[in-house]
Amino acid sequence: MDIILQQLVNGLTLGSVYGLIAIGYTMVYGIIGMINFAHGDVYMVSSYLTAIAIALLSYFGLESFPIIIFGTLIFTIVVTGAYGWVIERVAYRPLRNSSRLAVLISAIGMSLILQNYVQIAQGARQQGVPTMLTGAIRLDIGDGFVQITYMKLFILFVAFLGMGVLTYIIQKTKLGRMCRATQQDRKMASILGINTDRIISAVFVIGATMAALAGVLITLDYGAFDFYVGFIIGIKAFTAAVLGGIGSLPGAMLGGVILGLSEALFAGLISSDYKDVFSFSLLVIILIFRPSGLLGKPEVEKV
Amino acid sequence: MSQQTKGINIVSALKDTVIAGLLSLIIFGPVVGVLLDGYDFTFQGADVAFIVSIVMAGRFAISIFSQTEFGEAFLYRQATKDDGVVVTAPGYKSRMRFIIPIMIVVGLLVPFIASKYVLTVVILGLIYVLLGLGLNIVVGLAGLLDLGFVGFYAIGAYGLALGYENLGLGFWSMLPLAAIMAAVAGAILGFPVLRMHGDYLAIVTLGFGEIIRLVLTNWTSFTHGPNGISAPLPTLFGLEFKRRSREGTPFHEFFGLPYDSAYKYIFIYLILLLVVLAVLYIKHRLTRMPIGRAWEALREDEIACRSLGLNHVLVKLSAFMLGASTGGLAGVFFATYQGFVNPSSFTFFESALILAIVVLGGMGSTIGVVIAAFVLTVLPEMLREFADYRVLMFGILMVVMMVWKPRGLVRVTRTGFATRKGSAK
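Sequence order sets the numbering: in each chain, residues are counted from 1 along the sequence as written. Here chains are named by letter from A upward and ligands by number from 1 upward, in the order in which they appear as written. Under the rules for a predicted model, residues below a pLDDT of 70 receive no local features and side-chain atom pairs below 80 are neither given nor counted, while totals for whole chains, interfaces and linings still include all residues.

## Points about the overall build of chain B
And then number 1: Under the scheme used here, helices are H or I runs from DSSP no shorter than 4 residues and strands are E runs no shorter than 2 residues, and both carry numbers assigned from the N terminus. Helix and strand counts for chain B stand at 17 helices and six strands.
And then number 2: When contacts within chain B are restricted to residue pairs at least 6 apart in sequence, those whose partners lie at least 24 apart make up 76%. Each residue is represented by a C-beta atom placed from its backbone, and any two residues with such atoms within 7 Å are regarded as in contact.

Right, dumping it as structure tokens:
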């Protein structure tokens, strides 16, 4: 019983982070209909930026937790956002009118570029960040206990805050309205005076900032990362996006949480060696039986 | 396009340059400039300055170039380019009919001239030719992006190793069996997925490739996990290529030759060459048959094909299975050439390398794939000191090729047709 509850806590925090990354996939897919393969590697870059920001801040003698965490978040989000913008500008915008296959191959190329560039710049060895926030809440249940670290609570708080802010932006602001209009019909939106190229760039930047948020949170919690972390977590976040219904924002968050919970339960109860196999199999099964996901609309082919 | 000569606007070029410089400072500054070392770091200011200045110089050059008359003409050509297929005149005789026999003769002579090291590199090159040809049917002809191609390669390689260990099957029985196994795996994976949108196929196959690798790594009781498993060598009518044979006489004793480890590579090479030639011929014929034309038609416009009555699932499935079985064949050769297989040979990077071969060689072009496979596998062997930059080069290659020449360097040519004399108009 306590194992299950502990895994549910772990799964919920992991799932909320999957949801953050899945937002990047789902928004980009919604607006230009492509799978942004490099998104997982954008997350990977943000892990490195987190460690770099912490190292820089402590170099300048800033040691208190709120300042470090705030400074790291701002720094990582700004720089990762710039990555998102540049990737779109260099690898995807010149291919706006090409076949989907060409865009997909370009995205895979971009993913390889990011991985190898970070590997060359920072070395292939594993990197780490010092533990920032220690301590935990301990709940006694029957014979065992469930431990909720403050870090996990912090992750949940920031992740849901990030999702809340994003939902507000998309639903209530002018930028959000333009995003939704472009998603519904790009040509019509541009006729009505929306600079769709700029909106697409903005979507890439938003996706990258959400990935940056996830990168900071996961890196602070796990402490260790290397240049290859983006690959696995990217596929899992994509699974979350598909599970929730690709193109749907609440779906991405819901899918992330469901995937995180089911994966944690599988790892805790059945086998942790095969937990990645479980997630990938889940992806294949969803795509075969319910490709529109939980909250997505079925895709209609138009001539 | 305006015809009057306008001056080059230096100010706007400089503005572009400064913006590009600032962006590259944000992008490269932290990641390149701050080299992490434990929880500490060292500054690498010179590297950042170098990269930023290259970006700024490049941006400035592009800004100036695109404003010159020549540059405008270049951009115009790029925007309106049409690099589709080249249709040759009916009755056109390609020069290839002289080149191909020469190439085959040269290919057959290679093992007797080349040193053992060169021979092993060429065998590896040929294995990638086989992989490239397989993926070219799937990606190039049918337009289905398969990112788990390495899964079929692994099925072939592990098929040989495990078949030998558990069932005592040798190279010759596993060669067709592995092709069939890979094709069946392709059918099981492809049939449900091919009904859906093309992009999902990429993700599903990527997941499939990873599942295969993870299972091979974790199922230690069957596959021996990361330690790998040994694979048998091919035999010549029962003659083995080992120094000592458990049963029967080894090859070198039978012919009274001194033992040389190069014999087995020569033998593998010759079989592999024949298989590659057979696959090349089959692919060449298939692209001229209705099924090959259906693949390409589906790639270009799926909705039009379906409304003309093509069964898109079966047509795609045939391409997918054929590509998978070619991957399985390549896997058998890889296992026997290495004498040993382990899961680390079947990572996503391998799939990306095969995809890079297809992209560079040209979607659907056979000769291009052959050249690209050799360039991308033999070149890294020669340029060992740039080994760290290999993946970076593949990535840049993919992006640049897609932006610049999405159909690859070698253009696809197609024979023209004319109505025969006396036939109905």
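## A few points about the overall build of chain A
And then number 1: Secondary structure summary: chain A contains 11 helices and four strands in total.
And then number 2: For this measure, only C-alpha atoms enter the radius of gyration; the expected value for a globule follows 2.2 Å times N^0.38, where N is the number of residues. Here chain A has a C-alpha radius of gyration of 19 Å; the compact-globule value for 303 residues is 19 Å, and the two agree.
And then number 3: The burial label depends on the number of other C-beta atoms within 10 Å of a residue's C-beta. Counts of 20 or more mean buried, 12 or fewer mean exposed, and intermediate counts mean partly exposed, with C-beta atoms placed from the backbone. Each of the 303 residues in chain A was classed as buried or not, and the buried ones make up 51%.

## A short note on the pairing of strand 3 (residues 144-149) of chain A
Residue and element names in this part refer to chain A.
And then number 1: Between any two strands, at least two bridges found by DSSP are needed for them to pair. Note: strand 2 (residues 136-141) against strand 3, six bridges, orientation antiparallel. When the bridges of strand 3 are listed, leucine 139 appears paired with valine 146.
And then number 2: In this antiparallel pair of consecutive strands, strand 2 and strand 3, the connection spans two residues, and glycine 142 shows a positive phi of 55°.

## Section: the nonpolar core
A general trend in soluble globular proteins is that nonpolar side chains are found buried together.
And then number 1: By size, the foremost hydrophobic cluster in this structure holds 210 residues, and its most contacted members are Ile21 of chain A together with Ile357 of chain B.
And then number 2: No other element matches the 16 residues that helix 8 (residues 196-222) of chain A contributes to this core.
And then number 3: An automatic or database domain assignment supplies the start and end points of every domain. Each of two domains, domain 1 (10-80) and domain 2 (101-406) of chain B, supplies a minimum of three residues to this core.
And then number 4: Filtering out sequence-adjacent residues up to four positions away, isoleucine 357 of chain B remains in contact with Tyr128, Gly132, Val369, Ala372, Ala373 and Leu376 of chain B. A set of buried residues qualifies as a nonpolar core if it consists of Ala, Val, Leu, Ile, Met, Phe, Trp, Tyr and Cys joined through C-beta atoms within 7 Å.

## Digging into the interface of chain A and chain B
And then number 1: The interface of chain A with chain B comprises 53 residues on the first partner and 48 residues on the second.
And then number 2: Put simply, the parts of the chain that give the side of chain A that touches chain B at least two residues each are helix 2 (39-59), helix 3 (65-92), helix 4 (100-122), helix 9 (229-244) and helix 11 (275-289) of chain A.
And then number 3: By residue number, the principal contributor to the side of chain A that touches chain B is helix 4 of chain A, which donates 18 residues.
And then number 4: Here the nonpolar group is Ala, Val, Leu, Ile, Met, Phe, Trp, Tyr, Cys and Pro; Asp, Glu, Lys and Arg are the charged ones; every other residue, Gly included, is treated as polar. Looking at the side of chain A that touches chain B residue by residue, the classes come out as 40 nonpolar, eight polar and five charged.

## Some words on the packing of helix 10 (residues 249-269) of chain A against helix 11 of chain A
Residues and elements named next belong to chain A.
And then number 1: Note on method: axes are straight lines fitted to C-alpha atoms, helices fitted across the in-contact stretch only, with angles between N-to-C directions ranging 0 to 180 degrees. It is at 9 Å that the axes of helix 10 and helix 11 come closest, and there the two elements cross at 140°. Here helix 10 is positioned oblique relative to helix 11, judged by the angle of their axes. Helix 11 is crossed by helix 10, and the crossing has right-handed handedness. Listed contacts from helix 11 to Leu259, Glu263, Phe266 and Ala267 of helix 10 are Lys275, Phe278 and Ser279.
And then number 2: When the residues that make up the contact of helix 10 with helix 11 are grouped by side-chain class, the tally is four nonpolar, one polar and two charged. In this scheme, roughly parallel covers angles under 35 degrees and roughly antiparallel covers those over 145, while 65 to 115 is roughly perpendicular and the rest are oblique. The hand of a helix crossing depends on one turn: near helix anticlockwise from the far one by less than a right angle means left-handed, and clockwise means right-handed.

## Digging into the domain arrangement of chain B
And then number 1: We note that the domain assignment places domain 1 (10-80) and domain 2 (101-406) within chain B.
And then number 2: A C-alpha centroid distance of 39 Å is found between domain 1 of chain B and domain 2 of chain B.

## Some details on the UniProt feature "transmembrane region" (unreviewed entry) in chain A
Residue and element names in this part refer to chain A.
And then number 1: Within the UniProt annotation, "transmembrane region" (unreviewed entry) is assigned to residues 12-35, 42-61, 67-87, 99-118, 148-170, 199-219, 253-271 and 277-296.
And then number 2: Helix makes up 90% of residues 42-61 and strand 0%, with an end-to-end C-alpha separation of 29 Å.
And then number 3: Taken as a whole, residues 67-87 contains 100% helix and 0% strand, while its terminal C-alpha atoms sit 30 Å from one another. UniProt positions are given in the numbering used here, feature names are shortened, and annotations may be inferred rather than shown by experiment.

## Focus on helix 16 (residues 366-382) of chain B
All names here are of chain B.
And then number 1: Expected helix span is given by 1.5 Å per residue-to-residue step, counting one fewer step than there are residues. The first and last C-alpha atoms of helix 16 sit 25 Å apart over 17 residues, in line with the 24 Å expected at 1.5 Å per residue.
And then number 2: Those residues of helix 16 that sit buried are Thr366, Gly368, Val369, Val370, Ala372, Ala373, Leu376 and Thr377.
And then number 3: Those residues of helix 16 that are buried are in contact with helix 5 (116-141), helix 11 (262-286) and helix 15 (348-361).

## Some remarks on the pairing of strand 1 (residues 34-37) of chain B
All names here are of chain B.
And then number 1: Side chains Val34 and Leu36 project from strand 1 onto a buried face, and the interleaved Leu35 and Asp37 project onto a face without burial.
And then number 2: In the sheet, strand 1 pairs with strand 2 (residues 40-43) via four bridges, with the strands oriented antiparallel. Bridge pairing links leucine 36 to phenylalanine 41 in strand 2.

## Some details on the packing of helix 4 of chain A against helix 15 of chain B
And then number 1: Packing of helix 4 of chain A against helix 15 of chain B brings their axes to within 12 Å, and their N-to-C directions diverge by 130°. With respect to their mutual orientation, helix 4 of chain A and helix 15 of chain B come out oblique. Handedness of the helix 4 of chain A/helix 15 of chain B crossing: left-handed. Of the residues in helix 15 of chain B, those in contact with Ile105, Ile108 and Leu112 of chain A of helix 4 of chain A are Ala352, Leu355 and Val359 of chain B.
And then number 2: Split into classes, the residues belonging to the contact of helix 4 of chain A with helix 15 of chain B amount to six nonpolar, no polar and no charged.

## Some details on the environment of threonine 68 of chain B
Residue and element names in this part refer to chain B.
And then number 1: Topologically, threonine 68 is positioned in the loop between helix 2 (45-67) and helix 3 (69-80).
And then number 2: Look at threonine 68 and you get exposed, because 11 C-beta atoms sit within 10 Å.
And then number 3: In this structure the C-alpha to C-alpha distance between threonine 68 and leucine 272, which are 204 residues apart in sequence, comes to 52 Å.

## Description of the confidence of the model for chain B
All names here are of chain B.
And then number 1: Each residue carries a pLDDT score, the predictor's confidence in it, ranging from 0 to 100. Residues with a pLDDT of 70 or more make up 83% of chain B, whose mean pLDDT is 79.
And then number 2: Across chain B, element-level confidence peaks in helix 14 (residues 312-338) with a mean pLDDT of 89 and bottoms out in helix 10 (residues 251-254) with 64.
And then number 3: Under the prediction, the complex receives an ipTM of 0.81, its pTM being 0.83.

## Comments concerning the environment of lysine 116 of chain B
Residue and element names in this part refer to chain B.
And then number 1: Following the sequence through the fold, lysine 116 ends up in helix 5.
And then number 2: Here the alpha-carbon distance between lysine 116 and valine 52, two residues 64 residues apart in the chain, equals 45 Å.
And then number 3: Not counting residues within four places of it along the chain, the set of residues in contact with lysine 116 comprises Ala262 and Tyr265.

## Structural notes on the environment of threonine 72 of chain A
Residue and element names in this part refer to chain A.
And then number 1: Structurally, threonine 72 can be placed in helix 3.
And then number 2: The exposure class assigned to threonine 72 is buried, which follows from the 24 C-beta atoms found within 10 Å.
And then number 3: For threonine 72 and alanine 51, which are 21 residues apart along the polypeptide, the C-alpha to C-alpha distance reads 8.5 Å.
And then number 4: Ignoring sequence-local partners within four residues, the contact set of threonine 72 consists of Thr50, Ala53, Ile54, Leu57 and Val216.

## Regarding the confidence of the model for chain A
And then number 1: Overall, the predicted model of chain A reaches an average pLDDT of 84, with 97% of residues at or above 70.
And then number 2: Per-element averaging of pLDDT across chain A places strand 2 of chain A at the bottom with 76 and helix 8 of chain A at the top with 89.

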